[in-house]
Amino acid sequence: MASPTSLHPISGQPKQPDIPYHPDEAKWRARTARRLAEDPCLPSTPLPEGFPKRLIGPLVWEGEQWADESLWAYSLSEEELQEIDRAVRHFEDSGRPLTQVDRTTFPLPKLSHTLHSLTIELYAGRGFFVLRSIPTGLYTPYQNTLIYLGLSAHIAPTIASQDPANGSMLGHITDLRSKDENGSSGAPAYMNVSQPFHSDPGDVVSLFALGEAEEGGESKIASAWWVYNELAETRPDLVKVLAEPFPLEMFNRDPPYQLRPFLFKCPHDDRIIIQNARRLCTGFEGLPRSPSVPPLTEAQAEAIDALHFLAEKHCVRMKLRTGDIQYVSNLGLFHAREGFVDSPQKKRHLLRLWQRNEELAWPTPPALEERFKVLFKKVPVEKQRFPLEPDIRSISRGRGLDAKAKRA
Ligand SMILES: [Fe+2]
């Protein structure tokens, strides 16, 4: 039988497998070959009890199906843009704060029906869409934030806090290294490097492009359900591994790690949720995985690489242009991005929300209930913040940044 973990050559203690944040295909293939050579029976492992042999439905797709952008990109008409503009004036005239943006305070009498149909695509269709093209240059940063919150309120109105430490409900995804004397946060979201396939927290992640990079930054989306089917057919042992708990590094939180699977089955039906938390398995730059967190097994290392490389093989690629808003399911899809280069004239800058539509939400698996409850726990209105300027999330600060914050 294969050894379940790597052992340190001198101490003989279990050690973290050689698995970097940025996936290395040669290492993945070598690990796969080694494990299958050690135990050729692995592909005969039965699927975990209750897990489907095959997922079916519109969420199972391959990237080539979406080569025609008109299938998933919805271009807002001049009439719809005028409706949005009227909603902006209406909200501003009311004098309300951004914490009070909702379907009534940001009314979209006609467009709301289209947005509802698109939202059904998120929960019961292909799992993604892009709204094009909001004329961001006509609006102030405050008004662009208002438009994003207003449209999102008609799509998936429950918003998760992205930084419970300071009540921030809105993220800025942009390269902040020039503002950081340490030159490295613990999260690639605040750098210009590529991000491998992963899931964000919550049902839906959305990104509003306020600026494009000079070069690169392509967005990639893949069907996690397609990946599941591929693994269930060829490597059911890895489905079993993914359905069992992983020791996930919690970085600046208490407790310092959690045991949580990647795969969850919804109660009452065959739907599968894949929460792909690669960075919590590998660590990254300013936030490396702590040696005090139990190491992954070799099987877990192979499984998380398999998720990435299968997703990469069958993903859809898209360029987010300034004025686009991309909405993506976190339940049945993975997302990733290419690295990018900014210039003095062109800087990649996205706003981000984590969202949920309570009416359309999937039944929450019992093992995820606590996590979702905490995530979407109502932050008291007086504590909610919608920062117009980019900042790094408290829990994404690298060790250097954290120490600096404590000194300040
Ligand atoms: Fe993400």
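Residues numbered from 1 in each chain as written. Predicted model: local features only at pLDDT ≥ 70, side-chain atom pairs only at ≥ 80, totals over all residues. Heavy atoms only, no water.

Please set out the overall build of the protein residue by residue, giving values where relevant.
Counting its regular elements, the protein contains 10 helices and 21 strands. Expected size for 408 residues packed as a compact globule is a radius of gyration near 22 Å; at 21 Å, the protein falls within 12% of this value. C-alpha extents for the protein along the principal axes are approximately 70 × 50 × 40 Å. Put simply, the protein has 408 residues, and 55% of those count as buried. The long-range fraction of contacts in the protein, counting pairs at least 24 apart against all pairs at least 6 apart in sequence, stands at 81%. As displayed, the protein has an accessible area near 17900 Å², and 54% of this comes from carbon and sulfur atoms. Separation between the mean location of the 49 positive side-chain charges and that of the 53 negative ones in the protein comes to 4 Å. (Helix = DSSP H or I, 4+ residues; strand = E, 2+ residues; numbered from the N terminus. Rg over C-alpha atoms; globule rule 2.2 N^0.38 Å. Buried < 20%, exposed > 50% of the residue type's maximum accessible area, 1.4 Å probe, protein only. Contact = heavy atoms within 4.5 Å. Areas by Shrake-Rupley, 256 points an atom, 1.4 Å probe, with all protein chains shown as cover. Lys, Arg positive; Asp, Glu negative; His and termini not counted. Charge placed at Lys NZ, Arg CZ, Asp CG, Glu CD.)

So what about the coordination of the iron ion? Which residues, and what values?
Surrounding the iron ion are the protein donor atoms His-198 (NE2), Asp-200 (OD) and His-335 (NE2), at 2.1 to 2.2 Å. Taken in sequence order, the residues that donate to the iron ion follow the motif H-x1-D-x134-H. In this pair, Asp-200 is assigned in the loop between β7 (195-198) and β8 (204-211) and His-335 in strand β19 (residues 333-337), connecting sequence segments 135 residues apart. Considered together, Asp-200 and His-335 belong to a single accessibility category, that of buried residues. (Donors = N, O, S within 2.8 Å, 3.2 Å for Na, K, Ca; no water.)

Lay out the sheet that holds β7 in plain terms, naming residues and giving numbers.
Paired through backbone hydrogen bonds, the strands of a sheet run either parallel or antiparallel to each other. Sheet architecture is open: four strands sit in the order β7-β19-β10-β17, paired in antiparallel fashion. The outermost strands of the open sheet, each flanked by one partner alone, are β7 and β17 (316-318). Each adjacent strand pair in this sheet contributes to an overall mean axis angle of 15°, direction not counted. Bridge analysis of strand β10 (residues 219-223) against β17 gives three bridges, and the strand direction is antiparallel. Within β17, the position partnered with Lys-220 by the bridge is Arg-317. Set on the sheet, helix α5 (residues 224-234) makes contact with β10 and β19; between it and β10 the angle comes to about 50°. Most of the contacts of helix α8 (residues 298-313) go to β7, to which it runs at about 95°, and overall it touches β7, β10, β17 and β19. (Pairing = 2+ DSSP bridges. Axes fitted to C-alpha atoms, helices over the stretch in contact; angles between N-to-C directions.)

How would you explain the nonpolar core if you had to name every residue and give the values?
If you look at the biggest cluster of nonpolar residues, it comprises 112 residues, and the most contacted ones within it are Phe-128, Leu-151 and Tyr-327. Among all residues touching Leu-151, those that are not within four sequence positions of it are Ile-84, Phe-106, Leu-108, Leu-111, Leu-115, Leu-131, Ile-134, Ile-325 and Tyr-327. (Core = buried A, V, L, I, M, F, W, Y, C linked by side-chain atoms within 4.5 Å.)

Before we move on, can you summarise empty space enclosed by the protein with the specific residues and values?
One pass over the structure, following the stated rule, counts four cavities of 30 Å³ or more. Considered as a void within the structure, the second largest cavity measures approximately 80 Å³ in volume. Considering the residues around the second largest cavity, the lining is formed by Ala-209, Gly-211, Glu-212, Ala-213, Gly-216, Gly-217, Glu-218, Met-318, Lys-319, Leu-320, Arg-348 and Leu-350. Of the residues assigned to the lining of the second largest cavity, the class counts are five nonpolar, three polar and four charged. (1 Å grid on protein atoms, 1.4 Å probe; cavity = no way out; pocket = protein on both sides within 12 Å on 5 of 7 lines; lining within 4 Å. Points joined across faces, edges and corners; volume = space filled by probe spheres on them. Nonpolar A, V, L, I, M, F, W, Y, C, P; charged D, E, K, R; others polar.)

Please provide a residue-by-residue account of the pattern of salt bridges, values included.
Applying the stated criterion across every chain yields a total of 28 salt bridges. Measuring nitrogen to oxygen at the nearest pair gives 2.5 Å for the salt bridge that ties Arg-35 to Glu-302. With Arg-35 in helix α1 (residues 25-38) and Glu-302 in helix α8, the pair connects residues that are 267 residues apart, well separated along the chain. The two residues Arg-35 and Glu-302 agree in class, both being buried. Ionic pairing is found between Arg-132 and Asp-324, a salt bridge with its closest N-O pair at 2.8 Å. Of the two residues, Arg-132 is situated in strand β4 (residues 128-132) and Asp-324 in the loop between β17 and β18 (325-329); the sequence distance between them amounts to 192 residues. The burial state of Arg-132 is the same as that of Asp-324; both residues are buried. Several salt bridges converge on common partners, so that one network encompasses Glu-218, Lys-220, Glu-312, Arg-317 and Glu-338. (Salt bridge = Lys/Arg side-chain N within 4 Å of Asp/Glu carboxyl O.)

Explain the pairing of β8 residue by residue, including any values.
Along any regular strand, the residues point their side chains to alternate faces of the sheet. Among the eight residues of β8, seven are classified as buried, and the element is accordingly described as predominantly covered. Sheet topology places β8 next to β18; five bridges connect them, and they run antiparallel. If you follow Val-205 over to β18, its bridge partner there is Val-328. The pairing of β8 with strand β21 (residues 349-356) spans seven bridges and is classified as antiparallel. Opposite Ala-209, over in β21, you have Leu-350 as the bridge partner.

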